[in-house]
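Structural overview for review
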Amino acid sequence: MTDQTHRLSAAEIQHAIDTKTKPLGALGRIETLAAQIAAFRNSLTPRMDSCVLTIFAADHGIAHEGVSAYPQEVTAQMMLNFLSGGAAANVFATTLNIPVQVVDAGVAGDAITHPKLISRRIAAGSASSLTGPAMTAAQLAQALAHGADIARTTSADALAFGEMGIANTATASLLLHKLSGLPLADLVGRGTGLTDTALDRKRRILERAAARCPDKLDPDTILAEYGGFEIAMMAGAMQEAAETGRLVLVDGFIATAAAAAALARAPHIRPAMIFCHCSQEAGHRAALDWLGADPLLDLDMRLGEGTGAILAWPLVRAAAAMLCDMASFESAGISTG
C-alpha cells in the first residue's frame, strides 16, 4: 500500500537499493526500474503480483486511402483470434499467467457478439482524417470515458495495453507528429509491410492529412482530428490506471502514441509509465527519444497487441521482488568493511 504520510525521497530509495547484498549498481537497469516502482508506489516494498493485458480494437477511416497492406476486414478477424486465444499476445500472456481482455472500441462491420468480448463500440470505425476529423468531440469524450472505466474496473498491480486496427500505424504517426512537432517523415513506417511504392504513397497521404490542421493544437483536438477509437480509449485507460496507483506498461509504436496523448493531457502521470520495448516500426525510436524514454527491451519486434509490454512484465516483477525480498548487508550479517 502507498503510505501517504511520508513521501520517500530519491535518496531513501537509492539507499535501500545500494544496501542490498550486491556491489553498487550491479543489477543495472533493474535497479533503475526498482527505483521507479518504489517512487511511484511510495514504498520500499512495492509488491507487483498481478498484471492484466487489455487489447483495444478499432478501425480507421484513413485505411480507405490505401495506407495499409491489409484490408480492413482483418481487424475483426484478428479480434476473433484474440478471443479464441490464438494470437501471439494470447500465447505470451498464457506463459506468464496474464489474463487477457479484448475490447471492441469501434471495429468496422457488424458488431461481433462473443461472451468474452467487452463491447464499447463508438462507431463502426472512425472517419478518414485525410478529409476531416477522425471523430467528433462527443465520440472522443465517450472513448476516453470508456477507457477510464475499463481501467477502473480492472484489478491488477500493473496494466498492459495492446491494440489492433488496420492503418493504426498511420494514425499513430499523425498523432505523434502533431503532439511532438517531430517531422512526419521521421515517424512514418511500413506498418504491416508496405512496399517502397506503397510507403511513399502512405507518406504523401499523411502529409496531406497533417496539413489539414494547424501545428499547434490542444491534445484533445489532436485526438479528435487524427486519432482512432482504440488509441483514444487506450489513452483514457492509461490515465485512469496511473491516477489510481497502477503501473502502466507501454507497448510499441501505437501504444506510445496513446501514452503521448495521455501525457499531454495529464503530465503528472509520467512516473507510472514503463516503456517496455523499442519497436522496429520506423518512428518509434524518435518518439521514445522525444519522450525521454529508455525502453527495457529491444527485440526487433513490431507486432503490437501488447506483446512487448507483457514480455517486460517479468522484469517489472523481478525489480519489485528485489526490493521486497532481497537481503540487505545488515539483515544478512555480511560485512562491508
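Residues numbered from 1 in each chain as written. Predicted model: local features only at pLDDT ≥ 70, side-chain atom pairs only at ≥ 80, totals over all residues. Heavy atoms only, no water.

Scanning the chain from terminus to terminus reveals 14 helices and six strands. Relative to a compact globule of 337 residues, whose C-alpha radius of gyration would be 20 Å, the chain shows 20 Å and is just as compact. Considering only contacts within the chain whose residues lie at least 6 apart along the sequence, 74% involve residues at least 24 apart. Counting 25 positive and 33 negative side-chain charges, the chain places the averaged centre of each group 1 Å from the other. (Helix = DSSP H or I, 4+ residues; strand = E, 2+ residues; numbered from the N terminus. Rg over C-alpha atoms; globule rule 2.2 N^0.38 Å. Contact = heavy atoms within 4.5 Å. Lys, Arg positive; Asp, Glu negative; His and termini not counted. Charge placed at Lys NZ, Arg CZ, Asp CG, Glu CD.)

Before going further, it helps to examine the pattern of salt bridges. In this structure the tally under the stated criterion is 13 salt bridges. For R152, the salt bridge is made with D149, and the minimal N-O distance between the two is 3.6 Å. Taken as a pair, R152 and D149 lie in helix α5 (residues 137–152) at a separation of three residues, close to a single helical turn. When its relative accessible area of 46% is taken as the criterion, R152 is described as partly exposed. Across the pair D215 and K178 runs a salt bridge, and its minimum N-O distance is 3.5 Å. In this pair, D215 is assigned in the loop between α7 (196–211) and α8 (219–226) and K178 in helix α6 (residues 168–180), connecting sequence segments 37 residues apart. The exposure class of K178 is buried, given its relative accessible area of 5%. Residues participating in the shared-partner salt-bridge network are D149, R152 and E240. (Salt bridge = Lys/Arg side-chain N within 4 Å of Asp/Glu carboxyl O. Buried < 20%, exposed > 50% of the residue type's maximum accessible area, 1.4 Å probe, protein only.)

Looking now at helix α3 (residues 73–84). Spanning 12 residues, α3 covers 17 Å between terminal C-alpha atoms, matching the ideal 16 Å at 1.5 Å per step. In this structure, the buried residues of α3 make contact with β1 (51–58), α4 (88–95), β2 (100–106), β3 (117–119) and β4 (158–164). Just beyond α3, the residue with positive phi is G85, at close to 85°. (Expected span 1.5 Å × (residues − 1).)

With respect to burial, β1 is a largely interior element, eight of its eight residues being buried. What you see with β1 is no split at all: C51, L53, I55 and A57 on one side and V52, T54, F56 and A58 on the other are buried throughout. Taken together, the seven bridges between β1 and β4 define a ladder with parallel strand orientation. From the neighbouring strand, L53 faces β4, where its bridge partner is A160. Where β1 and β2 come together, six bridges link them in parallel fashion. Note on β2: the bridge partner recorded for A58 is G106. (Pairing = 2+ DSSP bridges.)

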